[in-house]
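Below, each chain spelled out in residue letters.
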Amino acid sequence: MAAWGCVASLGAARWLCWRAARAAALLGRPSRRSYAVGPAQSPPTFGFLLDIDGVLVRGHRVIPAALEAFRRLMNSQGQLRVPVVFVTNAGNSLQHSKAQELSALLGCEVDADQVILSHSPMKLFSEYHEKRMLVSGQGPVVENAQGLGFRNVVTMDELRMAFPLLDMVDLERRLKTTPLPRNDFPPIEGVLLLGEPVRWETSLQLIMDVLLSNGSPGTGLATPPYPHLPILASNMDLLWMAEAKMPRFGHGTFLLCLETIYQKVTGKELRYEGLMGKPSILTYQYAQDLIRRQAERRGWVAPIRKLYAVGDNPTSDIYGANLFHQYLQKATRDGAPELGAGGPRQQQPSASQSCISILVCTGVYNPSNPQSTEPVLGGEQPPFHGHRDLFFSPGLMEASHVVNDVNEAVQLVFREEGWASE
């Protein structure tokens, strides 16, 4: 049994999910009734960290169980009864846009400061906010970077237009004539990786050019500098779940490509100044702080002692929640440990004492799928889908609880905390 609580084996996980699915089939569709709050309750001492893709939505479709879950979470005035933060590894939208999208899907008013995108903790890296940073990703990358505090960013398209000879893969974009060299382009001082880009070959090539030239890709260097320019990266997910039947490549796959290319070309390891998004402890620490602030705004005076993290991906959601639980236990006992690029930026005392992981079966994790990422106890271990910089520990991917969906997760937590759910 793991230190963070009762751990479900794969067999138990399959049985629980089958049981839940069978019960849902026997009972028919969930009722659309509202849930009463019952008698007045004391202020909450727990909060939820909810993943989005695979837990609340699949692509742009809301999962029906999520609507039931939020009926339980809201009181008769339409307010949340406990603090809730949405923690996603997506990063290709603006924070307020994601909040508006969730509000429309869930029928619950979601504030922008309840949403944590994969790159949100970059706000803490103020020492890089004035530097000239190359930004990679898609969607409103400039607006996102500026919202994080970076005031001098360069996009891939701007770099490609300044040095058109660098982008050579697409024959239709190759120039027919050789342009004059540029000497008026200020050097780049760092790289922001906000999410997977659209044209991977262009982004991989230009990022490598910047790293190998120490920020001046128009000139080049005889010997690549090492250590290289600082890199801040978000979203380590190798895979994620959308409408397709099989998982899709995530930004973790892009990082894997970049790390492998850099290692192959230079013989050295690509290093990160900051690595965030689940399962980084930095992201959970950031989420914990937002939970605390939310409770304070609502006038809930009791400290939030327990966090319940609900996710669908054992490698990111469950691993991250269990890793943060382990960190909280060590911090309470021995003081906060040093944890590298994914570790905390602030050493302030934490009111939270535990982070309980809950795995749902509506996304990446599917117990009926032979390629499931859940560790197989007593048998051969599947490939580890986590990031290179994370130590592999099968126990960290074992959830404290396995349930069918987020509605069952909320009911389970309410039972554990002695709260009335209807």
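Preceding this paragraph is the structure being described.
About the criteria used
Residues numbered from 1 in each chain as written. Predicted model: local features only at pLDDT ≥ 70, side-chain atom pairs only at ≥ 80, totals over all residues. Heavy atoms only, no water. Axes fitted to C-alpha atoms, helices over the stretch in contact; angles between N-to-C directions. Helix = DSSP H or I, 4+ residues; strand = E, 2+ residues; numbered from the N terminus. Parallel < 35°, antiparallel > 145°, perpendicular 65-115°, else oblique. Left-handed = near helix turned anticlockwise from the far one by under 90°. Contact = heavy atoms within 4.5 Å. Nonpolar A, V, L, I, M, F, W, Y, C, P; charged D, E, K, R; others polar. Salt bridge = Lys/Arg side-chain N within 4 Å of Asp/Glu carboxyl O. Buried < 20%, exposed > 50% of the residue type's maximum accessible area, 1.4 Å probe, protein only. Pairing = 2+ DSSP bridges.

(A) Expanded view of the packing of helix α6 (residues 200-212) against helix α7 (residues 251-266). In contact at an axis separation of 11 Å, α6 and α7 are set at 45° when each is read in the N-to-C sense. Relative to α7, the element α6 is oriented oblique. As for how α6 packs across α7, the hand of that crossing is right-handed. Between α6 and α7, the residues in contact are Trp200, Ser203, Leu204, Ile207, Met208, Leu211 and Leu212 and Thr253, Phe254, Cys257, Leu258, Ile261, Tyr262, Val265 and Thr266, respectively. The residue inventory of the contact of α6 with α7, partitioned by class, reads 12 nonpolar, three polar and no charged.

(B) Quick peek at the pattern of salt bridges. Evaluated as defined, the whole model comprises 17 salt bridges. Ionic pairing is found between Lys98 and Glu101, a salt bridge with its closest N-O pair at 3.5 Å. Placement of both Lys98 and Glu101 in helix α3 (residues 95-106) is noted, with a separation of three residues, approximately one turn of the helix. You can call Lys98 buried: its relative accessible area is 10%. Via salt bridges that share partners, Asp157, Arg160, Asp167 and Arg173 belong to a single interconnected network.

(C) Spotlight on the sheet that holds strand β8 (residues 190-193). One open sheet accounts for five strands, arranged β7-β6-β8-β9-β12; its pairing is parallel. Since the sheet does not close on itself, it has two edges, and those belong to β7 (153-155) and β12 (274-276), each with one partner. When strand polarity is set aside, the average angle formed by the axes of neighbouring strands in this sheet is 20°. Pairing geometry for strand β6 (residues 133-136) and β7, over three bridges, is parallel. In the sheet register, Met133 faces β7, and the bridge partner there is Val153.

(D) Summary view of the sheet that holds strand β1 (residues 46-50). In spatial order, the strands read β5-β4-β1-β13-β14-β15; together these six strands make up an open sheet with parallel pairing. Across the chains shown, the open sheet's two edge strands, defined by having one partner strand only, are β5 (115-116) and β15 (401-403). By the bridge criterion, two bridges tie strand β4 (residues 84-87) to β5 in an arrangement that is parallel. Its bridge partner being in β5, Val87 is matched across the sheet by Ile116.

(E) Focus on the packing of helix α2 (residues 64-73) against helix α10 (residues 406-417). Packing of α2 against α10 leaves a shortest axis separation of 7 Å and a crossing angle of 30°. Relative to α10, the element α2 lies roughly parallel. Mapping the contact onto sequence places Ala65, Ala66, Glu68, Ala69, Arg72 and Leu73 in α2 and Val406, Asn407, Val410, Gln411 and Phe414 in α10. Here the residues of the contact of α2 with α10 are counted per class, giving seven nonpolar, two polar and two charged.

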